[in-house]
Amino acid sequence: MLTKEELQNHISHYQYLPVSYQFSIDSFNPYKIVEAIDPNHQQSMIFSHDDGNTITVIVKPKKTITVLDNRIVVKEKDNTYETNQNPIDFLNDYYQRHQTIKTSNGFHSGLIGYFGYDFSKYANNHLPKTHDDLGLQDIELFEPDITINYHNHEVTLTKLISSNRFESLFDETRAELKHFAERLKHILSDDIETTEYVDIVETFENQFQRDEFSQKVDAVKKHIYNGDIFQMILSNPYQTKAKGSLINVGKYLEENIYSPYHFYFAHDQFEAIGASPETLIQKTDDKLFSYPLAGTRRRGKTKEEDDFFADELRHSPKEQSEHNMLVDLGRNDVGNISEIGTVKVTKYMELLKFSNVMHLGSKVEGIAKENITPIDIIAKTLPAGTLSGAPKLSAMQIIRELEQRKRGIYGGGIGYIDFSGDLDLCIGIRLAYKQDDNLVVHAGAGIVTSSDADQEFHEFENKSRVIMDAIKEVEAQHDFIN
């Protein structure tokens, strides 16, 4: 956090400067803040990152930016601005106008939300529009009025002000943040209960049942044999109808399921929750970091069974081959945004255990190209190879042909772009989303020539189980309360 005197030294360098206020607190429940300030769950985001050590909360942001098929809509209070242009160009211009000084690591001012899997079509003209029955956005981002950050019992509140009015606005903004801090302390000390739960109306069903899914797997293998691709991630979402809100499911995941990332996002009639284990791309100063996960086994019911599956995963030729292809793809993606000669695989094929599955993970690092923007970084890396395949473009074209539906937030990037240039996006996996009364739990499986359709079908079940179980547990708790 920079002092007034330190910020004054940068008035001539930036159009906007961040004003912050800090206070200490014993415990922090982000869901209380959302329930108190945005009880109808219309414009909120909770993003837990840094292995859960940092929690960012946004409620009732200053602006919302949504993109669907080149139509960009910016809303600020009662004003709406629309334009039709390439979102990459629009967001680059927006970022460069708002770029500001870095105060510390993490998110303090910028854009937070998600870039859908289909954002990639704006960077590649060979990816046409995908069939979409649900009306899913390509991008949904918030620009906060006040950013709430929690880290190690410290809450930091940050608000951007115009450099041209710095002298007149600084003390006023500090007083506003101090007043908001008192409000948050009161909220966090109260017993605020969530009043809205999810209510499943129909039974969950996969998009593809076993026979049709087996045909899809055979079609992928044919593409591999024909030399079109080496590997592809085929998804098969669970779908149902539901009423109510997913907010309690997000809270349950945060409190009960270990994951490097947790998120809750709500905007109008769309909600998403998840516990993602995988980083799409992270940039801190000039350092880039990606963590591809590929290769999966379910967790064992006993230690002996768990050890057996771990050993099987480590020594499976199929899983090793899939992992190596996707690490190479990750190196290429990071290489496209890094200075020449800086890309390194610093961890390779580590065994990572989560609540319901285990994965093989590798770490790819690089040094960002000079002057590359966070928007360009996302455009060159989304979607990850672990959610598309290799080669990426061919795999994405085949995915569109076989799946015949828009993926939306699934396989996209969820997180933030700080106006200082840092960013942190996790991959949209281990998630559920609700558009109107349509509830979707989305998961995928990597298909190679040695894939068995039955085993891959079970992989959807294993990957989806943590979210499905959380939904059922929260629904049961509500039934018990009532």
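Nothing here was measured: the structure is a model prediction, and the numbers come from that model. (Residues numbered from 1 in each chain as written. Predicted model: local features only at pLDDT ≥ 70, side-chain atom pairs only at ≥ 80, totals over all residues. Heavy atoms only, no water.)

Chemist: Even after reading the chapter, I still don't get the overall build of the protein chain, so can you show me in this structure?
Modeler: Scanning the protein chain for helices and strands turns up 11 helices and 27 strands. The C-alpha radius of gyration of the protein chain comes to 22 Å, within 12% of the 23 Å expected for a compact globule of 482 residues. Each principal axis of the C-alpha atoms in the protein chain carries an extent, and together these give about 65 × 60 × 45 Å. Among the 482 residues that make up the protein chain, the fraction classed as buried is 58%. With an accessible surface of roughly 20,300 Å², the protein chain has 43% of that area assigned to carbon and sulfur atoms. Of the charged side chains in the protein chain, 51 are positive and 75 negative, and the gap between their average positions amounts to 2 Å. (Helix = DSSP H or I, 4+ residues; strand = E, 2+ residues; numbered from the N terminus. Rg over C-alpha atoms; globule rule 2.2 N^0.38 Å. Buried < 20%, exposed > 50% of the residue type's maximum accessible area, 1.4 Å probe, protein only. Areas by Shrake-Rupley, 256 points an atom, 1.4 Å probe, with all protein chains shown as cover. Lys, Arg positive; Asp, Glu negative; His and termini not counted. Charge placed at Lys NZ, Arg CZ, Asp CG, Glu CD.)

Chemist: Please explain helix α4 (residues 166–189) as it appears in this structure.
Modeler: Because each turn of an α-helix spans 3.6 residues, side chains separated by three or four positions end up pointing in the same direction. Over its 24 residues, α4 runs 34 Å from end to end, which matches the ideal 34 Å to within 8%, given 1.5 Å per residue. Among all positions in α4, only Phe166, Leu169, Phe170, Thr173, Leu177, Phe180, Ala181, Leu184, Ile187 and Leu188 are buried. Tucked into the core, α4 has its buried residues touching α1 (4–8), β1 (16–24), α2 (30–37), β9 (147–151) and β10 (154–162). (Expected span 1.5 Å × (residues − 1). Contact = heavy atoms within 4.5 Å.)

Chemist: Explain the packing of helix α3 (residues 87–98) against helix α9 (residues 374–381) here, please?
Modeler: In helix packing, the relevant descriptors are the interaxial angle and the interaxial distance, both defined with respect to the helix axes. Close contact between α3 and α9 brings their axes to 8 Å; oriented N to C, the two are set at 150°. Relative to α9, α3 is oriented roughly antiparallel. Between α3, through Ile88, Leu91, Asn92 and Tyr95, and α9, the contact on the second element is made entirely by Pro374, Ile375, Asp376 and Ala379. In terms of residue class, the contact of α3 with α9 is made up of six nonpolar, one polar and one charged. (Axes fitted to C-alpha atoms, helices over the stretch in contact; angles between N-to-C directions. Parallel < 35°, antiparallel > 145°, perpendicular 65-115°, else oblique. Nonpolar A, V, L, I, M, F, W, Y, C, P; charged D, E, K, R; others polar.)

Chemist: What is the right way to look at the packing of α2 against α4 in this model?
Modeler: Contact geometry for α2 and α4: axes closest at 9 Å, N-to-C directions at 110°. In terms of axis orientation, α2 runs roughly perpendicular to α4. Contact with α2, carried on its side by Lys32, Ile33, Ala36 and Ile37, involves Phe180, Arg183, Leu184, Ile187 and Leu188 of α4 and no other residues of that element. Within the contact of α2 with α4, the residues separate by chemical class into seven nonpolar, no polar and two charged.

Chemist: Which parts of the structure should I look at to understand the pairing of β9?
Modeler: It is a general feature of regular strands that their side chains alternate between the two faces of the sheet. The element β9 is extensively covered by neighbouring structure, given that four of its five residues are classed as buried. Relative to β9, strand β3 (residues 54–59) runs antiparallel, the two sharing four bridges. Counterpart to Thr56 in the pairing with β9 is Asn149. Following β9, the chain reverses through two residues before pairing antiparallel with β10; Asn152 in that reversal takes a positive phi of roughly 50°. (Pairing = 2+ DSSP bridges.)

Chemist: Where do I start with unusual backbone geometry in this structure?
Modeler: Across the chain, the bulk of peptide bonds are trans and the bulk of non-glycine residues have phi less than zero. Of note, the amide linkage connecting Leu382 to Pro383 takes the cis form, showing an omega dihedral of -5°. Tracing the sequence through the fold places Pro383 in the loop between α9 and β22 (389–390). A cis amide bond, omega -10°, links Ala390 with the succeeding residue Pro391. The backbone phi angle of His153 is positive, close to 65°, even though this residue is not glycine. Position of His153 among the secondary structure elements: in the loop between β9 and β10. A residue is classified by how much of its surface remains accessible, and His153, at 43% relative accessible area, is partly exposed. Located in the positive-phi region is Met349, a residue other than glycine, with phi close to 50°. Its relative accessible area of 18% is what places Met349 among the buried residues.

Chemist: In this structure, what is going on with the pairing of strand β17 (residues 279–284)? I would like to understand it.
Modeler: Taken together, the four bridges between β17 and strand β24 (residues 423–427) define a ladder with antiparallel strand orientation. Residue pairing in the sheet places Lys283 in a bridge with Leu423 of β24. Count of turn residues in the β17/strand β18 (residues 287–290) antiparallel hairpin: two residues, of which Asp285 carries a positive phi of about 55°.

Chemist: So what exactly am I meant to see when it comes to the sheet that holds strand β27 (residues 444–447) here?
Modeler: Within a sheet, neighbouring strands are paired by backbone hydrogen bonds and run either parallel or antiparallel to one another. Pairing within the open sheet is antiparallel, and its three strands lie in the order β22-β13-β27. The open sheet is flanked by β22 and β27, the only strands paired with a single partner. Examined bridge by bridge, strand β13 (residues 231–235) and β27 share four bridges and lie antiparallel to one another. Bridging across to β27, Met232 finds its partner in Ile447. Each of β13 and β27 is contacted by helix α5 (residues 210–225), which is oriented at about 160° to β13, the strand it contacts most. Docked against the sheet, helix α8 (residues 317–336) engages β13, β22 and β27, running at close to 100° with respect to β13.

Chemist: For this particular structure, what's the right way to read the packing of aromatic side chains?
Modeler: The relative placement of two aromatic rings is captured by the distance of their centres and the angle of their planes. In the structure shown here, the tally under the stated rule is 19 aromatic pairs. Ring centres 5.2 Å apart and planes at 40° place the aromatic pair Phe107 and Tyr416 in the tilted group. Taken together, the residues Phe107 in the loop between α3 and β7 (110–115) and Tyr416 in strand β23 (residues 413–418) connect sequence positions 309 residues apart. As far as the burial class goes, Phe107 and Tyr416 line up, both buried. Grouping aromatic residues by their ring pairs yields a cluster made of Tyr114, Phe142, Phe265, Phe270 and Tyr433. Positioned above the aromatic ring of Tyr117 is the side chain of Arg407, whose terminal nitrogen or guanidinium carbon lies 4.6 Å from the ring centre. (Phe/Tyr/Trp six-rings, centres within 6.5 Å; stacked < 30°, edge-to-face > 60°. Lys NZ or Arg CZ within 6 Å of the ring centre and 35° of its normal.)

Chemist: How should the side chain of Glu319 be read in this particular structure?
Modeler: Within the secondary structure, Glu319 is located in helix α8. Judged by its relative accessible area of 3%, Glu319 is buried. Separated by 2.7 Å, the side chains of Glu319 and Arg297 make a polar contact. With near-sequence residues (within four places) excluded, Glu319 lies in contact with Gly295, Thr296, Arg297 and Leu313. (Polar contact = N/O pair within 3.5 Å; in protein donor to acceptor, adjacent residues only side chain to side chain.)

Chemist: Help me understand helix α7 (residues 303–315), please; the structure alone is not making it clear to me.
Modeler: Under the 1.5 Å per step criterion, the end-to-end length of α7 is 18 Å for 13 residues, consistent within 8% with the ideal 18 Å. Taken together, the buried positions of α7 are Asp306, Phe309, Ala310 and Leu313. Looking straight down α7, one finds its buried side chains confined to an arc of 100°; they lie on one side. Away from its buried face, by an angle of more than 90 degrees, α7 presents the exposed residues Glu304 and His315. (Arc of directions from axis to C-beta.)

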